[in-house]
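# Observations on chain architecture
Given next are the chains, with one letter for each unit.
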Amino acid sequence: MGGQPLPSLGFAALGLLAFKGSLDLRLAAIVGPACFLWGAAGGHVYQMIAAHNFAPGNAGIIFYSDILVPIVGFIFLWLQYRTASSQQVR
């Protein structure tokens, strides 16, 4: 996401709004960047297959972070939901 200033700015603004927001707003703050990052990962896969581009900026840590960062975000959101649900039962 380093070369994309406008999406990054939008995702940052949404993240700041979601900081004290509801669980739904936090979900929205994860879904947008997840779609962007997984789309970028798809582009990396296409480049690896079509152009045999295995450069570090295409097939290295950037590729893996495009896949794993959203997954970690969804895991954290699920943990928060589970914790909030168990506290409401008490």
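Cut-offs applied
Residues numbered from 1 in each chain as written. Predicted model: local features only at pLDDT ≥ 70, side-chain atom pairs only at ≥ 80, totals over all residues. Heavy atoms only, no water. Helix = DSSP H or I, 4+ residues; strand = E, 2+ residues; numbered from the N terminus. Rg over C-alpha atoms; globule rule 2.2 N^0.38 Å. Buried < 20%, exposed > 50% of the residue type's maximum accessible area, 1.4 Å probe, protein only. Polar contact = N/O pair within 3.5 Å; in protein donor to acceptor, adjacent residues only side chain to side chain. Contact = heavy atoms within 4.5 Å. Lys, Arg positive; Asp, Glu negative; His and termini not counted. Salt bridge = Lys/Arg side-chain N within 4 Å of Asp/Glu carboxyl O. pLDDT = per-residue confidence, 0-100.

### Brief notes about the overall build of the protein chain
Helix and strand counts for the protein chain come out as four helices and zero strands. Relative to the compact-globule value of 12 Å for 90 residues, the protein chain shows a C-alpha radius of gyration of 16 Å, a clear excess of over 25%. Overall, the protein chain is about 55 × 25 × 15 Å in size when its C-alpha atoms are taken along their principal axes. Going through the 90 residues of the protein chain one by one, you find that 19% of them count as buried.

### A look at the environment of Ser 22
Mapped onto the secondary structure, Ser 22 falls in the loop between helix H1 (5-18) and helix H2 (23-50). Separated by eleven residues in the primary sequence, Ser 22 and Pro 33 have C-alpha atoms spaced 18 Å apart.

### Observations concerning the side chain of Asn 58
Checked against the element boundaries, Asn 58 lands in helix H3 (residues 56-59). Polar side-chain contacts of Asn 58 include one of 2.8 Å to the backbone oxygen of Asn 53. Dropping the residues within four chain positions of it, Asn 58 is found in contact with His 44, Gln 47, Met 48, Asn 53 and Phe 63.

### A short note on the environment of Leu 14
In this fold, Leu 14 is placed in helix H1. Look at Leu 14 and you get partly exposed, because its relative accessible area is 23%. In sequence terms Leu 14 and Gly 32 are 18 residues apart; their C-alpha atoms lie 9.4 Å from each other. Each residue touching Leu 14, except ones within four places of it in the same chain, is listed here: Leu 25, Ala 28 and Ala 29.

### What to know about the side chain of Asp 66
Structurally, Asp 66 is set in helix H4 (residues 61-89). Despite its burial, Asp 66 pairs with no opposite charge, the nearest such side chain being Arg 26 at 23 Å.

### A short note on the confidence of the model for the protein chain
In this model, the protein chain carries an average pLDDT of 89, and 92% of its residues clear a pLDDT of 70 or more. Looking across the protein chain, the model is least confident in H1, with a mean pLDDT of 83, and most confident in H2, with 94.

### Digging into unusual backbone geometry
Backbone geometry at His 52 places phi at a positive 55°, although glycine is not the residue there. Mapped onto the fold, His 52 is located in the loop between H2 and H3.

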